[in-house]
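An overview of the molecular structure
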Amino acid sequence: MLRTLLTDYTFQTVSLGAALLGLVSGVLGSFAVLRRQSLLGDGVSHAALPGVVSAFLLTGSKNTEILLAGALATGLLGTLLITAITRRSRVKFDSALAIVMSVFFGGGLVLLTLSQRIPDANQAGLSRFIYGQASALLQRDVILMVICGALLLSVILLFWKEFKLLCFDPQYAAALGRSTGFWSLLLSFLTVLAIIIGLQTAGVVLMSAMLITPAVAARQWCTHLWSMVTLSAVFGAASGVIGTAASSLIPQLPTGPTIVICVSAIALVSLFIAPGRGILARALNRSRGRARLVMERRDGHGPFN
Amino acid sequence: MTDFAVRVQDLTVAYDAQPVLWDIDLEIPRSSLVAIVGPNGAGKSTLLKAMLGLLKPVTGGVTFPAGLSKHDIGYIPQSEHVDWDFPTTALDVVLMGRYGHLGLVRRPKKADRALALSCLEKVGMADYRSRQIAGLSGGQQQRVFLARALCQEANIYFMDEPFKGVDTVTEKAIVALLQELKAAGKTVIVVHHDLQTVPDYFDWVALINMQLVDAGPVSEVFHDKNLSRTYRGTMPPLKGAV
Amino acid sequence: MDMAPSTEIQIIAVLIGAACALPGAFLVLRRMSMMSDAITHTILLGIVLAFFVTGDLSSPLLIAGAAVIGVLAVWLTELLRRSRLVAEDAAIGTVFPLLFSIAIILISRYAGSAHLDTDSVLLGELAFAPFHRLTIFGVDIGARGIYVGAALLLLNVVVIVLFFKELKVSTFDPVLAAILGISPTIVYYGLMTLVSVTAVGAFESVGSVLVVAFMIAPPASAYLLTDDLKKLFWISAGIGAATGLVGYQLASLWDVSIAGMMALVAGAVFLLAFAFAPRRGLISGSLMRRRRRRDFAAYTLILHLYTHGDGIFSGTELAQQLRWDLSLIDRVCRSLIKAESLTTLDGRYALTNAGILRCHELIETLFASPRHQPAAPTNSPSRG
């Protein structure tokens with residue numbers, strides 16, 4: 001049965017798309033998580049709605065590229081706004097994110113009701129936007145994802161040093177004369193692009209997970225940025241494929257949520273068994289360590305013998 | 001014997017398996033100005049937090065004299081952990097010191113407010129009572145927290161490096177306050193970073209470097225031999241040490 | 001009770017708007033705004049589980065279940081955070097999509113037949129609120145939404161008023177709270193339960209995402225408008241209520257989504273506060289900065305005159321000495337002349353007596369030592 005699955009054209013398309021999604025969001029998500037901007041994915045996904053609807057209203061077309069372009073536009077606009085609010089007022093990142101996200105989404109709803117007056121508009125698109133419909137991926141969608149994904153990854157590779165510095169020591173970067181504002185914005189833009197690409201597959205809420213969870217899992221195993229980013233991409237891609245396979249084999253299992261369950265399971269396992277810092281390792285260490293301490297103290301030893 | 005303010009017994013504190021404090025036995029006498037000194041990373045702040053019950057030790061514990069309740073203990077931390085953008089004024093922060101005395105649902109009364117204001121006056125910050133705290137300088141913020149601890153009307157005060165990085169005005173204010181507190185019979189326990197001023201400001205000292213090197217009156221215990229044991233030869237010669 | 005549906009809707013909007021803003025203020029202050037988003041998304045799971053238990057879509061148990069799952073999500077997030085393996089925001093972003101996905105899978109597999117309208121869970125629709133009536137003993141006493149809204153508002157007001165100081169101190173300084181005997185953990189879970197209950201009650205009317213708008217935007221606006229905590233709550237509730245009202249009016253005027261319009265209004269109010277708030281807004285911020293730069297330039301200049309030579313220089317000489325543009329020198333001197341600190345002597349600038357006094361003041365303030373004064377210029381005929 002597995003064999004028929006693997007040779008099935010739809011499965012190949014969807015799982016490739018899902019794998020790409022997992023890979024790209026794993027990479028971008030690592031940076032977002034390290035910069036404490038994990039929920040940017042959630043925010044940007046919601047902020048994309050008015051863009052999607054506007055694109056439709058303005059062009060009358062439901063062509064994927066056009067809708068995605070609209071999503072990108074408002075996603076970027078939202079990111080700019082969040083940055084502006086955070087930098088120029090005492091309102092913090094989390095509040096700015098929540099405001100932009102919900103207000104833009106509300107704007108999208110308003111536009112949607114406006115679009116309802118147009119005769120051939122169809123609101124099935126909204127459902128797809130929120131929950132994603134991985135199974136509806138077409139080959140051309142996947143090709144688009146490949147192109148955009150390759151673009152994103154090459155930019156990341158190109159400016160690796162700058163992004164790394166940005167994540168770990170923005171103040172140092174500023175002192176070195178590198179414009180942190182610019183790089184910060186660039187990284188946010190790349191993240192927005194990654195989100196928009198994945199949006200039609202995973203939907204809004206689930207896109208958040210794909211941006212965060214693989215990175216959280218990878219963090220437990222790696223101490224270097226490059227290994228964390230790579231492992232995060234691997235976890236993301238693997239969840240994409242396994243999730244798609246599982247949802248094809250088991251009836252009535254929607255693809256997007258299944259992928260999330262996969263990656264969350266990977267994260268959970270990582271949190272527990274990662275050597276050295278995992279929960280199990282630490283509990284073992286602590287009880288052994290403390291027992292040793294108590295014994296040593298009792299035997300009159302000093303702190304180091 | 002209730003002549004002590006705090007008693008520490010067999011205290012060992014560790015982060016995971018890494019010991020930070022090892023087997024500390026200490027009895028701090030009442031109504032004294034106590035300095036806790038030691039090199040960086042020696043566990044001084046950890047000792048303070050353990051005494052305040054903010055940490056759980058691996059072994060041993062801290063006892064206070066019977067009858068001491070939670071609002072008999074005042075704490076002035078190193079100021080970084082507070083939310084400076086919080087919408088609250090200097091007077092408001094000081095007033096929060098009274099919350100331990102009020103019951104669960106009760107509101108601060110006029111007497112509480114008057115006390116808060118007088119505490120602000122004592123540290124010279126009465127003019128800033130309506131200022132939002134982010135608009136204050138570092139030294140001024142420190143003084144507000146001092147006032148808050150005073151407002152608690154505690155019996156024992158714990159301070160974590162109150163003199164670090166403050167301006168001369170604030171430093172003088174803190175020293176004057178210490179004297180006042182001692183005259184009123186309170187105990188003040190201070191993690192202190194500046195060895196030069198220990199004999200001037202304090203009458204009792206505990207030397208910590210993960211273990212207790214020595215503890216006692218400054219005149220008896222604060223000498224070169226103990227200091228070099230504490231700092232393991234990393235310390236330049238001190239003037240004024242006994 | 002016989003009210004027009006539009007009136008009922010507006011009452012609900014006002015009540016919900018005010019009720020959400022109150023716990024939302026604490027989320028904003030604690031930098032946990034996105035927790036509102038997380039909790040509203042986990043509501044779906046609570047409803048699904050409660051539905052499995054009761055089999056009844058209109059059971060009040062659904063609301064209870066949703067609130068409980070909300071707190072569960074918070075607890076899981078706390079667990080993750082406390083393990084120190086995951087940062088706070090990442091913890092939120094790991095837990096709630098998982099719970100949401102579980103909910104969707106459960107719905108797809110087991111509740112496909114029941115009419116569990118997931119769209120309305122996320123989006124809500126105030127327009128239908130008048131159709132859900134509350135009947136007691138067969139008597140229709142009004143739209144259910146009104147009673148839910150009123151109950152939420154009452155609950156929030158009572159809790160916040162009663163425990164104001166506990167909430168305040170544990171938000172501002174958890175260490176002090178712990179020392180004073182107020183457990184920050186208990187306060188935290190109490191607050192999150194309040195947020196959860198409020199979110200559940202509100203989503204029925206306005207949907208998940210817009211609960212976030214109502215919880216966060218009004219308090220964030222208020223945060224820019226006041227430094228007093230009590231006023232913050234009043235202003236938040238006021239803005240929330242007004243948002244509900246204005247949002248509905250505009251929505252019915254233009255015939256668009258009510259909840260969406262309300263979110264836009266909330267955003268507009270925030271934008272206005274961001275730009276125009278009296279002290280913390282963009283405009284007043286840049287005005288203040290400009291004024292401070294002017295003042296700084298002014299007293300740099302007069303102090304310069306005070307401490308250099310006989311204190312009489314031409315504009316060009318000053319421009320050379322201070323390395324400023326001549327136009328800047330002229331501008332600053334003009335304003336100083338108007339303030340009577342400066343005067344002209346054969347086309348050159350000199351301090352007036354008032355100006356000298358001002359210098360003394362400045363030195364005292366800036367150098368905080370009344371006895372320290374740089375030597376006065378040797379040649380100082382009385383001027384002015």
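Residues numbered from 1 in each chain as written. Chains lettered and ligands numbered in written order. Predicted model: local features only at pLDDT ≥ 70, side-chain atom pairs only at ≥ 80, totals over all residues.

Here's the deal with the overall build of chain B
Counted only if it meets this: Only DSSP runs of H or I covering at least 4 residues are called helices, and only runs of E covering at least 2 are called strands; the numbering of each starts at the N terminus. Partly exposed residues are those whose C-beta has more than 12 but fewer than 20 other C-beta atoms within 10 Å; with 20 or more the residue is buried, with 12 or fewer it is exposed, and the C-beta atoms are placed from the backbone. Two residues form a contact once the distance between their C-beta atoms, set from the backbone, is within 7 Å.
The helix and strand inventory of chain B stands at eight helices and nine strands. Over its C-alpha atoms, taken along the principal directions, chain B stretches across nearly 50 × 35 × 35 Å. Looking at the 242 residues of chain B, the share that counts as buried comes to 44%. The contacts of chain B with a sequence gap of at least 6 include a subset with a gap of at least 24, amounting to 69%.

What about the confidence of the model for chain B?
For clarity, the cut-off: By definition, pLDDT measures how confident the predictor is in each residue, and it falls between 0 and 100.
Averaged over every residue, the pLDDT of chain B is 85; residues scoring 70 or more account for 93%. Every residue in residues 235–242 of chain B is under pLDDT 50, and counting partners more than four places away or in other chains gives 13 contacts.

Observations concerning the sheet that holds strand S5 (residues 348–351) of chain C
Residue and element names in this part refer to chain C. Condition: At least two DSSP bridges between two strands are needed for those strands to be called paired.
The three strands lie next to each other as S3-S5-S4, forming an open sheet whose pairing is antiparallel. Sheet topology places strand S3 (313–314) and strand S4 (342–345) at the edges, where each strand pairs with a single neighbour. Strand direction decides the pairing type here: S3 and S5, joined by two bridges, are antiparallel. Paired with phenylalanine 313 across the bridge in S5 is tyrosine 349.

A few points about the domain arrangement of chain B
Residues and elements named next belong to chain B. Quick note on the threshold: Domain delimitation follows an automatic or database domain assignment. In this classification, Asp, Glu, Lys and Arg are treated as charged, Ala, Val, Leu, Ile, Met, Phe, Trp, Tyr, Cys and Pro as nonpolar, and every other residue, Gly included, as polar.
Domain boundaries assigned for chain B yield domain 1 (1–68 + 155–242) and domain 2 (79–153). Each partner contributes residues to the interface: domain 1 has ten residues there, and domain 2 has eight residues. Considering each element in turn, the side of domain 1 that touches domain 2 owes the most residues, five residues, to helix H5 (residues 168–183). For the side of domain 1 that touches domain 2, the residue count by class is seven nonpolar, two polar and one charged.

Some thoughts on the packing of helix H4 (residues 138–151) of chain B against H5(B)
Residue and element names in this part refer to chain B. Definition in use: Every angle, taken between N-to-C directions, lies between 0 and 180 degrees, and every axis is a line fitted to C-alpha atoms, over only the stretch in contact when it is a helix. Any angle that falls under 35 degrees is termed roughly parallel, while one over 145 is termed roughly antiparallel, one within 65 to 115 roughly perpendicular, and all others oblique. Helix crossings are classified by the rotation of the near helix relative to the far one: an anticlockwise turn of less than a right angle makes the crossing left-handed, while a clockwise turn makes it right-handed.
Where H4 contacts H5, the two axes come as close as 9 Å, and the packing angle between them is 20 degrees. Judged by the inter-axis angle, H4 sits roughly parallel to H5. For the pair H4 and H5, the sense of crossing is left-handed. Contacts between H4 and H5 involve Gly139, Gln142, Arg143 and Leu146 from the first element and Val169, Thr170, Ala173, Ile174 and Leu177 from the second. Within the contact of H4 with H5, the residues separate by chemical class into five nonpolar, three polar and one charged.

Describing the environment of C:Glu166
Residues and elements named next belong to chain C. Structurally, glutamate 166 can be placed in helix H7 (residues 164–172). Linking glutamate 166 and valine 187, residues 21 residues apart in sequence, is a C-alpha distance of 7.4 Å. Beyond its immediate chain neighbours, meaning those up to four positions away, glutamate 166 contacts Ile182 and Val187.

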